[in-house]
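Architecture at a glance
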Amino acid sequence: MPAEVLRLDGREVATYVWQPEAPASSSPRPFLHPVRTLAGRTVTDAVPDSHPHQFGIGVAYPDIDGVNFWGGRTFVAGHGPAWLDNHGSQRHERWERRGGGELAHSLRWLGPDERVLLRERRVIGCEPVSDSVWALSVRSRLANVTDRPLEVRSPAAKGRVGAGYGGFFWRGPAVSGATVLSPAGPGAEPVHGCSAEWVAVAGADWTMVFVPGDADTARDRWFVRARDYLGVCSSAAWDEPLVLQPGEEIARHVVTLVADGVLNAESAAKLVAESERGATGHGLPGADRPVPGGTPGLHSRPVI
């Protein structure tokens, strides 16, 4: 599969698969995997047996205008999860930049009938923070390029309580005894479904700290799974539909601090504070330009 490798000081820290090979039922899309700490520990999983439609780190939505861009079954109100022939795909359109620790490209989001519903500009960057931490930045500007409104819905918006996922998503490696931390307290439950300045997940010898990279993303709620698998999603549409008018866009930015070793709540909060003061310098030049078909300053809003 065609891929680009992100490196820091000669070390491979992430592989971006931009032309994936996956069945239509998995909603094929670009993804980052493997993602590694500076010491080489893998902190993502892809195509696990339990959820073969989950791929490392990427951007995915379970329902946009009835099209499943998440993969797997679709939640149907009053029925539950069901297999439908409604899977979409994300396809690379053109590169803007690749090299120097940054990847920028445009993508088309197509429905099962091959019609383009959305176009996205995605910028991925990496840079060192310390001898044991690096920052992964993922920016996405997803624009409605049709002539009609597009409704964005999570399963929670259709009645599946707590399943408010859709947007930036990390699938963690298969480990036991992982710890979830956030300003809301220890464990997944206090932060699941809430906004928070950061969410951290720690394994035996690594920690991932997820941080909203802008004000719009900071208002989104976190979907956090730690019971049967590790997953973190910054949800752009939790339990209410969002509507994108023609030309409007969803613009989001998530920064992930990838650390060797196990951080506690205090050390994670300190790392985030230093990041917010600019100590990590994870902002990427030119990342806020609109995608083709998008209008600057417009974002999705709840259906009233």
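Quick look at the structure, then.

With the rule as written, the count across this model stands at three cavities of 30 Å³ or more. Estimated volume of the largest cavity: approximately 100 Å³. For the largest cavity, the full set of lining residues is Val59, Tyr61, Val138, Ser140, Gly167, Phe168, Ser234, Ala236, Ile250, Arg252, His253 and Val254. Elements with a minimum of two residues in the lining of the largest cavity: strand S10 (133–144), strand S12 (167–171) and strand S19 (249–260). Counted as a void, the second largest cavity has a volume near 40 Å³. Forming the boundary of the second largest cavity are Arg29, Pro30, Phe31, Phe55, Gly56, Ile57, Gly58, Val59, Ala60 and Phe169.

A few words on the nonpolar core. Among the nonpolar cores identified, the biggest contains 52 residues, and Leu32, Trp134 and Trp170 are the most heavily contacted of them. Beyond its immediate sequence surroundings of up to four residues, Leu32 is in contact with Leu6, Ala14, Thr15, Tyr16, Thr44, Gly56, Ile57, Ile124, Leu136 and Val138. Listed in part, the 14 residues of the second largest apolar core include Trp198, Val255, Ala268 and Val272.

What follows covers helix H2 (residues 265–276). For H2, spanning 12 residues, the distance from its first C-alpha to its last is 16 Å, which sits close to the expected 16 Å at 1.5 Å a residue. Of the residues making up H2, those classed as buried are Ala268, Leu271, Val272 and Ser275. All buried residues of H2 fall inside an arc of 95° around its axis, so they share one side. With respect to the buried face of H2, the exposed residues turned more than 90 degrees away are Glu266 and Lys270.

In this structure, the largest pocket spans a volume of roughly 650 Å³. Around the largest pocket sit 34 residues that line it, and His51, Arg160, Tyr165, Arg225 and Tyr229 are the ones nearest its centre. Looking at the lining of the largest pocket, the elements with two or more residues in it are strand S5 (74–76) and strand S16 (221–225). Partitioned by chemical class, the residues of the lining of the largest pocket number 15 nonpolar, 12 polar and seven charged.

We now examine the packing of aromatic side chains. For the structure shown, the criterion picks out 10 aromatic pairs. Relative to Tyr165, the ring of Trp70 lies with its centre 4.5 Å away and its plane at 35°, an arrangement referred to as tilted. Taken as a pair, Trp70 in the loop between strand S4 (57–60) and S5 and Tyr165 in the loop between strand S11 (150–152) and S12 lie far apart in primary sequence, 95 residues in all. What makes Trp70 buried here is its relative accessible area of 6%. You can call Tyr165 buried: its relative accessible area is 14%. When the centroid spacing of 5.3 Å and the interplanar angle of 70° are considered together, the rings of Tyr165 and Phe223 count as edge-to-face. Here Tyr165 is found in the loop between S11 and S12, whereas its partner Phe223 is found in strand S16, with 58 residues between them in sequence.

Cis geometry is adopted by the peptide bond preceding Pro34, which originates at His33 and carries an omega value of -5°. At Val47, a position not held by glycine, the phi torsion is positive, near 50°. For Val47, the position within the fold is in the loop between strand S3 (31–35) and S4. Judged by its relative accessible area of 44%, Val47 is partly exposed. Even without being a glycine, Glu114 presents a positive backbone phi close to 75°. Along the chain, Glu114 falls in the loop between strand S8 (102–110) and strand S9 (116–128).

Moving on, we get to the state of the cysteines. The tally for this structure, following the rule as stated, stands at zero disulfides. Its sulfur unpaired, Cys194 is 14 Å from the next cysteine sulfur, which belongs to Cys233.

Next up on the list: the pattern of salt bridges. All chains considered together, the criterion is met by 19 salt bridges. Two residues, Glu102 and Arg97, come together in a salt bridge whose shortest N-O distance is 2.4 Å. Residue Arg97 is classed as partly exposed on the basis of its relative accessible area of 26%. The partner of Glu120 in a salt bridge is Arg122, and the shortest N-O contact between them spans 2.8 Å. On the basis of relative accessibility, which here comes to 1%, the residue Arg122 falls in the buried class.

Moving on to the sheet that holds strand S7 (residues 89–99). Overall, antiparallel pairing links the eight strands, which are arranged S7-S8-S9-S10-S19-S15-S14-S13 in an open sheet. With partners counted over all chains shown, the strands left at the sheet margins are S7 and strand S13 (179–181), one partner each. Between one strand axis and the next, the sheet turns by 20° as a mean value, whatever way the strands run. Running over the sheet, H2 touches S10, S13, strand S14 (199–202), strand S15 (206–212) and S19 and is turned about 45° from S15.

What counts, and where the lines are drawn
Residues numbered from 1 in each chain as written. Predicted model: local features only at pLDDT ≥ 70, side-chain atom pairs only at ≥ 80, totals over all residues. Heavy atoms only, no water. 1 Å grid on protein atoms, 1.4 Å probe; cavity = no way out; pocket = protein on both sides within 12 Å on 5 of 7 lines; lining within 4 Å. Points joined across faces, edges and corners; volume = space filled by probe spheres on them. Helix = DSSP H or I, 4+ residues; strand = E, 2+ residues; numbered from the N terminus. Core = buried A, V, L, I, M, F, W, Y, C linked by side-chain atoms within 4.5 Å. Buried < 20%, exposed > 50% of the residue type's maximum accessible area, 1.4 Å probe, protein only. Contact = heavy atoms within 4.5 Å. Expected span 1.5 Å × (residues − 1). Arc of directions from axis to C-beta. Nonpolar A, V, L, I, M, F, W, Y, C, P; charged D, E, K, R; others polar. Phe/Tyr/Trp six-rings, centres within 6.5 Å; stacked < 30°, edge-to-face > 60°. Disulfide = S-S within 2.5 Å. Salt bridge = Lys/Arg side-chain N within 4 Å of Asp/Glu carboxyl O. Pairing = 2+ DSSP bridges. Axes fitted to C-alpha atoms, helices over the stretch in contact; angles between N-to-C directions.

Taken by themselves, the reported measurements are silent on function.
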